[in-house]
Amino acid sequence: MVLPASVGDTVRPPPATPAKRVRRARILVVDDEPMVARAISRMLGRDHEVTATTHAREALERMRAGERFDIIFSDLMMPEMSGMELFAAIGAVAPEQAQRVVFLTGGAFTPAAHSFLEECPTSTSTSRSTGR
């Protein structure tokens, strides 16, 4: 089978534009599940400087030592020190850093966690727990 020759103009791809350089952010990941912390670190690590820990107290010690981050991803429900407790402690140690906390959860909501997210000044969540 032979295809007929094109009679119109040849379609040329648009010229390549240089990739926009993204500013490397300093990101802290706090999650008691090591695989979750590693997965987030891998996703963001190519473009950003990522520090991950599985212990909220270690994250707090970094703040006390003067480390600062552009964004802090924290699991909400963790043993020993919850994300809610970490948020309060960061607010006492480095209030400007508390504004940079983004909460993550696998959906294990307690009534206290649900209430916290409803009242948290940095929360923009519009989802509501269905109780399922």
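The rules behind the values
Residues numbered from 1 in each chain as written. Predicted model: local features only at pLDDT ≥ 70, side-chain atom pairs only at ≥ 80, totals over all residues. Heavy atoms only, no water. Helix = DSSP H or I, 4+ residues; strand = E, 2+ residues; numbered from the N terminus. Contact = heavy atoms within 4.5 Å. Phe/Tyr/Trp six-rings, centres within 6.5 Å; stacked < 30°, edge-to-face > 60°. Buried < 20%, exposed > 50% of the residue type's maximum accessible area, 1.4 Å probe, protein only. Core = buried A, V, L, I, M, F, W, Y, C linked by side-chain atoms within 4.5 Å. Arc of directions from axis to C-beta. Axes fitted to C-alpha atoms, helices over the stretch in contact; angles between N-to-C directions. Parallel < 35°, antiparallel > 145°, perpendicular 65-115°, else oblique. Nonpolar A, V, L, I, M, F, W, Y, C, P; charged D, E, K, R; others polar.

Caption draft 1: Broad picture of the side chain of Q97. Here Q97 lies in helix 4 (residues 95-98). Those residues in contact with Q97 that sit more than four places away from it in its chain are M63, R68, F69, I72 and I90.

Caption draft 2: The packing of aromatic side chains, seen in detail. Throughout the structure, instances matching the rule amount to 3 aromatic pairs. Here the aromatic rings of F87 and F116 are separated by 5.7 Å at their centres, their planes lie at 75°, and the arrangement is edge-to-face. Of this pair, F87 sits in helix 3 (residues 83-93) while F116 sits in helix 5 (residues 111-119), and the two are 29 residues apart along the sequence. Note on F87: relative accessible area 12%, which makes it buried. Residue F116 is classed as buried on the basis of its relative accessible area of 18%.

Caption draft 3: Quick peek at the environment of Q99. Among the structural elements, Q99 can be located in the loop between helix 4 and strand 4 (101-104). Judged by its relative accessible area of 54%, Q99 falls in the exposed class.

Caption draft 4: Expanded view of the nonpolar core. In this structure, V30, I72, L86, I90, F103 and F116 are the most contacted members of the largest nonpolar core, which totals 23 residues. The set of elements that each furnish at least two residues to this core consists of strand 1 (26-30), helix 2 (56-64), helix 3, strand 4 and helix 5. No other element matches the 5 residues that helix 3 contributes to this core. Residues contacting I90, with those up to four places away along its chain left out, are L60, M63, I72, P95, Q97, A98 and V101. Core analysis: the second largest hydrophobic core is formed by 6 residues, V29, A37, I40 and F73 among them.

Caption draft 5: Inspection of helix 2 at higher detail. Within helix 2 the residues assigned to the buried category are A56, A59, L60 and M63. Each buried residue of helix 2 sits inside an arc of 100° when the element is viewed along its axis, so together they form one side. Downstream of helix 2 by a residue or two, G66 has a phi angle that is positive, lying close to 100°.

Caption draft 6: Summary view of the packing of helix 2 against helix 3. Following both chains from N to C, one finds helix 2 and helix 3 inclined at 10°, their axes separated by 10 Å at the closest point. Regarding the angle of helix 2 to helix 3, the classification is roughly parallel. Taking contact as the criterion, the partners of A56, A59, L60, M63 and R64 in helix 2 are, on helix 3, L86, A89, I90 and V93. Of the residues assigned to the contact of helix 2 with helix 3, the class counts are 8 nonpolar, no polar and 1 charged.

Caption draft 7: Summary view of helix 5. Of the residues making up helix 5, those classed as buried are A113, F116 and L117. Each buried residue of helix 5 lies within a common arc of 95° when the element is viewed along its axis, so the set occupies one face. Opposite the buried face of helix 5, at more than 90 degrees from it, the exposed residues are P111, A112 and E119.

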